Amino acid sequence: MSTNLESNDSAPAVAAGGRPLPRRWLAVVVAVWVGFAFTSFASMAANYAAVWYVTESTGSPLALAFVYVCAFLPVGLLSPLGGVAADRFNRKRVIIVCDLFIAAVALGMGTCIALGHVSLELILVLVCACGVGQAFRTPAFNSAMPLMVPEKHLLRINMLDNLLGSFSMIAAPALGIFLYTTIGFQAVLFLNAFGALASVAAMLFARIPTVVSQETASQSARQNVVEGWRALVANKGLLALVLAVVLGMMAYGPIDSLLPLMVASHFGGDGYLASLVTAVFGIGMLAGSLALMARGDASRLTRVIVVAALVVGAATTVGGLLPSGLFPAFVAAMGIMAVACAWFNGPLMTLLQKNVAEDKLGRVMGLLSALMGLGIPLGTALGGALAEGIGVTSFFVVDGLFILGIGIVAGLLPSVKALDAAEAGGGERKTVLSPAE
């Protein structure tokens, strides 16, 4: 993270909601994000090792499907409650409790495996428990950032998550497999525990205000979730954009899972060529994230998302139309698609953080995590069934045209266009600090 994020103005920095920030706010954000990066990278390495164990020990597609469901289902079902927790309690403490829970699970499972008690059932419990932790941690973390960062830097901070995801896509599986094969499965889980504890240590240095409205504190959890939904639907453009991105992620899910089959069945490639596409995709995501960070400007973000959908849809369609002798062109198309894939989450997260009141932001983030957690597996399943019926190449064409349609419709909606024209902040934020703060 570049130190040019620090303001050169003599005026004290203020957070996105208008609250004064400490002079060294950037150092605090760096510490928190580095801790987040440790636990995210280590968790991805552990998840890849778990998938490889199931692949190696069972060779069963059904077993792998169970692992996938157990990883995503808790996120989809529990994220709304995670958003409620973020809006009712101190977000810093919620994050610390989640990290401690993940560390305890990883240590416990690693110890069991070191003692020789490893099984498919143990792996399912592991990924399910990590999904539970993620369901509560993610809304708290995403809703805490606007309390720590000036509004003009929100996009850059959010794009760091894309950079982390891209880097992890390239390096985490390699580290997970290296530890798995050289030391043992337990080593990967101990690394996961270390990463979570490193995040706890970093969070101890951060001061994150508690943002709880009197209305939220007096309502039931169900009423809290309903109020979060109302906060989202109150802005028609924001709701339309969220639904468009969720539909786009549902459509993208099967593309990701079918890439190896596309390489093998249509282009006659082997595992090396499939891994080449994955590496190019990771590099493309890195390039896209860096480009948006360099842009820095947090205006016209809806236009960025619409353009991303158009590029992804066009690249996917072209990839499906290419003849089998043009594999290099397919790799290039997937690289271009990866650049645009980096332009969804960061801008959408920034728009939500700028347009939703701080005391309701956790619940809105929880609802977004739930929609993604349920939508991506559903889209992957439906897309796989469709590809089974019409063929992989035809599916790429159909799916690409569908994503293009999403981008065109979203770009033409007046309510979505109005988001770029609206003043930053989207209205007054109602904030009540806990007496403990």
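Because the structure is a prediction, the values reported are computed rather than measured.

S.K.: I tried to follow the overall build of the protein on my own but got confused; where do I start?
M.R.: The secondary structure content of the protein amounts to 16 helices and zero strands. The buried share of the protein, taken over its 437 residues, is 53%. Counted over contacts in the protein with a minimum sequence separation of 6, partners at least 24 positions apart contribute 87%. With the model as given, the accessible surface of the protein reaches about 18,500 Å², and the carbon-plus-sulfur share is 69%.

S.K.: Explanation requested: the pattern of salt bridges in the structure shown.
M.R.: Note that side chains of opposite charge can pair when their charged atoms are close. One pass over the structure, following the stated rule, counts four salt bridges. As a salt-bridge pair, R363 and D87 come within 2.7 Å of each other at their nearest N and O atoms. On the criterion of sequence distance, the pair formed by R363 in helix α14 (residues 358-390) and D87 in helix α2 (residues 61-88) is long-range, its members being 276 residues apart. With relative accessibility at 0%, the residue D87 sits in the buried group.

S.K.: Where do I start with the packing of aromatic side chains in this structure?
M.R.: Both the distance between ring centres and the angle between the ring planes are used here to describe each pair of aromatic rings. Tallying each qualifying case throughout the model produces seven aromatic pairs. Taking the centre distance of 6.3 Å and the plane angle of 90° together, the rings of F38 and F194 count as edge-to-face. Of the two residues, F38 sits in helix α1 (residues 25-58) while F194 sits in helix α6 (residues 185-203), which places them 156 residues apart along the sequence. Assessed through its relative accessible area of 43%, F38 is described here as partly exposed. In this structure F194 comes out as exposed when scored by relative accessible area, which is 51%. Centre to centre, the rings of F330 and F396 are 6.3 Å apart; their planes meet at 50°, and the pair counts as tilted. Here F330, found in helix α12 (residues 327-341), pairs with F396, found in helix α15 (residues 392-412); they are 66 residues apart in sequence, far enough to count as distant.

S.K.: I'm lost on the packing of α1 against helix α4 (residues 120-144) in this one. Help?
M.R.: A pair of packed helices can be characterised by two numbers: the angle between their axes and the separation between those axes. Their axes nearest at 11 Å, the elements α1 and α4 cross at an angle of 155°. In terms of orientation, α1 lies roughly antiparallel with respect to α4. Where α1 crosses over α4, the handedness of that crossing is left-handed. Facing V32, W33, F36, T39, N47, A50, Y53 and V54 of α1, the residues of α4 in contact are L120, I123, V127, R137 and F141. Of the residues that constitute the contact of α1 with α4, the class distribution is ten nonpolar, two polar and one charged.

S.K.: Sorry if this is basic, but what is going on with the nonpolar core here?
M.R.: Considering soluble globular proteins, one finds that nonpolar side chains tend to be buried as a cluster. One finds F330, M337, L352 and F396 to be the most contacted residues of the largest nonpolar core, which totals 94 residues. The contacts of F396, once residues within four sequence positions are left out, are I255, L258, L259, M262, T316, T317, G320, F330 and M334. Within the second largest apolar cluster, 26 residues are counted, among which are F41, A46, M109 and L122.

S.K.: Explain the environment of R156 to me, please; I cannot follow it from the model alone.
M.R.: Relative to the assigned elements, R156 resides in helix α5 (residues 154-182). As for R156 and L290, which are separated by 134 residues in sequence, their C-alpha atoms are 9.1 Å apart.

S.K.: Even after reading the chapter, I still don't get the side chain of N192, so can you show me in this structure?
M.R.: Turning to its location among the elements, N192 is positioned in helix α6. Dropping the residues within four chain positions of it, N192 is found in contact with T39, A42, S43, A46, I102, A106 and C130.

S.K.: I would appreciate a short explanation of a nonpolar patch on the surface in the present structure.
M.R.: Together, V30, V34, F38 and F194 make up a nonpolar patch on the protein surface, roughly 340 Å² of accessible area in all. Of the residues forming the nonpolar patch, the biggest block, three residues, is contributed by α1.

S.K.: Explain the environment of V34 here, please?
M.R.: Relative to the helices and strands, V34 is located in helix α1. In this structure the C-alpha to C-alpha distance between V34 and S199, which are 165 residues apart in sequence, comes to 7.5 Å.

S.K.: Looking at this structure, I do not really get empty space enclosed by the protein. What am I missing?
M.R.: Over the atoms, a rolled probe matching the size of one water molecule traces out where space is still vacant. Per the stated rule, a full pass over the model turns up two cavities of 30 Å³ or more. The computed volume of the largest cavity comes to approximately 120 Å³. A244, G248, A309, F344 and I406 are the residues nearest the centre of the largest cavity, which is lined by 15 residues in total. Elements represented by at least two residues in the lining of the largest cavity include exactly α9 (236-265), α11 (301-321) and α15. Broken down by element, the lining of the largest cavity gets its largest block of residues, six residues, from α9. Considered class by class, the residues forming the lining of the largest cavity number 13 nonpolar, two polar and no charged.

S.K.: For this particular structure, what's the right way to read the environment of T111?
M.R.: Among the secondary structure elements, T111 is positioned in helix α3 (residues 91-114). Relative accessible area serves as the criterion here: at 40%, T111 is assigned to the partly exposed category. T111 sits 76 residues away from A187 along the chain, and the two C-alpha atoms are 9.6 Å apart.

S.K.: Sorry, what's going on with the packing of α4 against α14 here?
M.R.: Between α4 and α14, whose axes approach to 8 Å, the crossing angle comes to 130°. By the criterion of interaxial angle, the relationship of α4 to α14 is oblique. As α4 packs across α14, the resulting crossing turns out to be right-handed. Judged by residue contacts, T138, P139, N142 and S143 of α4 engage L361, G362, M365, G366 and S369 from α14. Split by residue class, the contact of α4 with α14 holds three nonpolar, six polar and no charged.

S.K.: Got a minute to help me understand the confidence of the model for the protein in this structure?
M.R.: It should be kept in mind that the predicted coordinates are not to be read in detail where pLDDT is low. Summary statistics for the protein give a mean pLDDT of 80 and a share of 87% for residues scoring 70 or more. Here residues 423-437 is a poorly scored stretch, pLDDT under 50, and it has 34 contacts once near neighbours within four places are set aside; other chains count.

S.K.: What am I meant to see in the state of the cysteines here?
M.R.: Covalently bonding the sulfur atom of one cysteine to the sulfur atom of another cysteine gives a disulfide. Going through the model one piece at a time under the given rule, you end up with zero disulfides. C70 takes part in no disulfide bond, and the closest cysteine sulfur, belonging to C128, lies 5.5 Å away.

Cut-offs and rules
Residues numbered from 1 in each chain as written. Predicted model: local features only at pLDDT ≥ 70, side-chain atom pairs only at ≥ 80, totals over all residues. Heavy atoms only, no water. Helix = DSSP H or I, 4+ residues; strand = E, 2+ residues; numbered from the N terminus. Buried < 20%, exposed > 50% of the residue type's maximum accessible area, 1.4 Å probe, protein only. Contact = heavy atoms within 4.5 Å. Areas by Shrake-Rupley, 256 points an atom, 1.4 Å probe, with all protein chains shown as cover. Salt bridge = Lys/Arg side-chain N within 4 Å of Asp/Glu carboxyl O. Phe/Tyr/Trp six-rings, centres within 6.5 Å; stacked < 30°, edge-to-face > 60°. Axes fitted to C-alpha atoms, helices over the stretch in contact; angles between N-to-C directions. Parallel < 35°, antiparallel > 145°, perpendicular 65-115°, else oblique. Left-handed = near helix turned anticlockwise from the far one by under 90°. Nonpolar A, V, L, I, M, F, W, Y, C, P; charged D, E, K, R; others polar. Core = buried A, V, L, I, M, F, W, Y, C linked by side-chain atoms within 4.5 Å. Patch = residues over 30% accessible without salt bridge, like charges linked within 9 Å, V, L, I, M, F, W, Y side chains within 5 Å. 1 Å grid on protein atoms, 1.4 Å probe; cavity = no way out; pocket = protein on both sides within 12 Å on 5 of 7 lines; lining within 4 Å. Points joined across faces, edges and corners; volume = space filled by probe spheres on them. pLDDT = per-residue confidence, 0-100. Disulfide = S-S within 2.5 Å.

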